[in-house]
Amino acid sequence: MEYKEPNIDPKLLSPYDPTSTEDRIYALWQESGFFNPDICIEKGVTAPDAKPFSIVLPPPNVTGTLHIGHAAMLVIEDIMVRFARMQGYRTLWLPGTDHAAIATQSKVEKIIEKEGLRKNDMGREEFLKRVTLFAQDSHDAIVSQIKKMGASIDWSREAFTLDEKRNVAVRTAFKKMYDDGLIYRGHRIVNWDPKGQTVISDDEIVYKEEKTKFYYLKYGPFTIGTARPETKFGDKYVVMHPDDTRYMQYKHGDTIEVEWINGPISATIIKDESIDMEFGTGVMTITPWHSAVDFGIAERHKLDKEQIIDTYGKLLSIAGEFAGMKIKDARAKIIEKLESKGLVEKIEDYTHNIATAERTEAVIEPQIMNQWFINVNKPIADRENKSLKELMLEPVKNGNISILPDRFERVYYNWVENLRDWCISRQIWYGHRIPVWYKGEEIYCGIEAPREEGWEQDSDTLDTWFSSGLWTFSTLGWPEKTKDFETYHPTTILETGYDIIFFWVARMILMSQYLLGDIPFKTVYLHGLVRDAQGRKMSKSLGNIIDPLDVAKKYGADAVRMSLIIGTGPGNDSKMSEDKIKAYKNFANKLWNITRFILSSTEGIIPDAKFSAYTDADKALIVERDEIMKAITKEMEEYKFYLAGDKIYQYAWARLADVIIEESKPILGGEDDYAKNSRAQFLLDTLAKVITALHPFMPFVTEELWSLIPRKDKNLLLVTAWPASHS
RNA sequence: GCGCGAUUAGCUCAGUUGGUAGAGCAAUCCGUUUACACCGGAAAGGUCGCAAGUUCGAGUCUUGCAUCGCGCACCA
């Protein structure tokens, strides 16, 4: 018998090779323009009146490269986007990056430090040039990584939180809030980072456990407790609870003379209900300049406030002989002196949590400073006199925004309800300059700088989350009334990590509700952290970091995508291992071989969508397959990608390959032409459907296979219709 | 302190209004001249954290407890 060369692409004869395929496929997609919804409509693959589906990419910080958590985010979003596009929606996924003010600036500071440079010697302009270069490099690396992962994102609309358009949005938003009296400048107690030399918000604080000493000191007739004797120099108020029977003989406002660190002082008795009678002796002295709680007491009773510690963490002249010393060094010396004066009653071991700065890890020193704040409690006239807090709560409470998993809704309420005014000014150089100018006593806030001479702009920049809060609409052209804004806002879904629900999700709701009177998105899908195989956080020090690019190179991006999605429900952390990736690399090859078998054993048969002469056995297989497709569609629509992905994997491998194909061998090699034709049509049809349903999960290998299977239309799989109807 | 989550096979996890426990990976045994060894087949592996309750029936619902993890707050 004469050997006949199979009439299939020779590519299929060797195992699937992702590395030689993926870049080529991505280029093909980009050339097609189909990532851009306008082009989809122009070329007729999306109906002109199709419903929009829009999502913004949570902009990665330009502080370096993407980690595996970013990869997971890209995969989840790309699955949503590809699924929506295949279902016929007018689908927009909008990319961008975040300037991440403090994070990026401190990164560059560290780099130039190694070169022996300091930012203050370079000057603001020179330093910012350097940061911009660094940001550009990071940006380029990030963009290429996003492409490697296969993200079907519309590059023609790319944005940056610090570019010119976003700057206009920021200034516009600031001005409106300023004019409405929501943004104000005032002397408040703030979180000062002595290392970063800037104020940070409450959310940028990380509490760390510290073992220290607790000192009981004699203060006139009282014993006071403190962990921070170095702040006690100026303490001239002694506070106790009004109901504390132990101190009934002292009346609010009484003064007593006490011998203190640097000599006698006159102390005033203050009665305040915030005092915990159970704690220590129930008596304390206060340091309003360096404690938020003490500040509150001082405000209530209109007490004097005095600064003890400067912005570098050194004691001021009020400390007398200790002036100029660092807190750490001063503490022991002060206790020594107090002991010599017989004022120390006892010292206990003490464990408490201290506030540190998220970025610099420095211990926060509360300070009273003149900073810019957003008032979250003030009623807003053109928002039915609701406050920002109320505007943030409303859409989640009434269901206009739903959060997945829904338990995070309660976390959100709890946070918003306890929210204090948001400190938005930062003493760093990299970021949006505050659009306020000063001339003597005059203040001017405007979108543009004042024309006249002699005005000087505020030197502070804005909290990076101020610009991120505008992201869902600043990226669509706001404040201009663009077509994009009208079409795609509010966005369909926001997909991000649960760790930034407060930083970002809440701020977007705030900004959108206030500036637009509308929600920024309808659904929030929160993903968890990607951990290592043992469930540990990935970190440099543990050496357990999995670089998405490395593993994508080794096993293919499709395999990495599958391993990031299977077993990962919303809100839960997931575990990642190379073994898991390897399993899905094998699956890509399995698909490859399934295709090879079906094509080579159905030679000469043209797939016919209208074919109906199926055998009863094949009819049953069709029913089974279509039910699975329907179930998968339902799970996709419920955002249960981990279930849908696994289901299609199971069907392709355990059912189609292991059972149906094996059973088909005798039929296809047999004499019964009726059964043969029927089975061949079934296999070709099922192959196409499986590949299509897998496309959101494994876009590269499926697109490649799509190009190899015989069919009439020549469209990319990217824009091919989803193989099951809406559930 | 307040709140949340997890606890199912060695590992990672499913288990959709309660109806006799599932998958992948790993490990074991068998199998290699036509789709695939990046494979196939077989067998093995669980008193579903513990205790009580509701029920004809609980991995699933209720309560309590334990362990692990997380978030928020923080007191001098």
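Anyway, here's the lowdown on the structure attached to this text. (Residues numbered from 1 in each chain as written. Chains lettered and ligands numbered in written order. Predicted model: local features only at pLDDT ≥ 70, side-chain atom pairs only at ≥ 80, totals over all residues. Heavy atoms only, no water.)

On to the packing of aromatic side chains. Within a pair of aromatic rings, the relevant descriptors are the distance that separates the centres and the angle that separates the planes. All told, the structure shown has 35 aromatic pairs when counted by the stated rule. For the pair Phe 127 and Trp 429, a centre-to-centre distance of 5.8 Å together with 70 degrees between the ring planes defines the contact as edge-to-face. Of this pair, Phe 127 sits in helix α6 (residues 124-148) while Trp 429 is found in the loop between β17 (425-426) and β18 (436-439), placing the two residues 302 residues apart along the sequence. With respect to burial, Phe 127 and Trp 429 carry one shared label: buried. Positioned above the aromatic ring of Trp 429, the side-chain terminus of Lys 119 is 5.3 Å from the ring centre. One Lys or Arg, Arg 507, reaches over the ring of Trp 422 and ends 4.1 Å from the middle of that ring. (Phe/Tyr/Trp six-rings, centres within 6.5 Å; stacked < 30°, edge-to-face > 60°. Helix = DSSP H or I, 4+ residues; strand = E, 2+ residues; numbered from the N terminus. Buried < 20%, exposed > 50% of the residue type's maximum accessible area, 1.4 Å probe, protein only. Lys NZ or Arg CZ within 6 Å of the ring centre and 35° of its normal.)

Attention now goes to the pattern of salt bridges. Tallying each qualifying case throughout the model produces 49 salt bridges. Ionic pairing is found between Glu 365 and Arg 228, a salt bridge with its closest N-O pair at 2.9 Å. Separated by 137 residues along the polypeptide, Glu 365 in strand β14 (residues 365-374) and Arg 228 in the loop between β8 (222-226) and β9 (237-240) bring together distant segments of the chain. The class of Glu 365 is buried, set by a relative accessible area of 5%. Across the pair Asp 579 and Lys 582 runs a salt bridge, and its minimum N-O distance is 3.9 Å. (Salt bridge = Lys/Arg side-chain N within 4 Å of Asp/Glu carboxyl O.)

The next subject is the environment of Met 277. As for its placement among the helices and strands, Met 277 is situated in the loop between β11 (263-271) and β12 (283-285). Assessed through its relative accessible area of 30%, Met 277 is described here as partly exposed. Taking the C-alpha atoms as reference points, Met 277 and Asp 243, 34 residues apart in sequence, are found 8.8 Å from one another.

Turning next to the sheet that holds β9. Reading across the sheet, the four strands line up as β10-β11-β9-β12 and stay open at both edges, with mixed pairing between neighbours. Sheet topology places β10 (255-260) and β12 at the edges, where each strand pairs with a single neighbour. Averaged over all pairs of adjacent strands, the angle between strand axes in this sheet comes to 35 degrees, irrespective of strand direction. (Pairing = 2+ DSSP bridges. Axes fitted to C-alpha atoms, helices over the stretch in contact; angles between N-to-C directions.)

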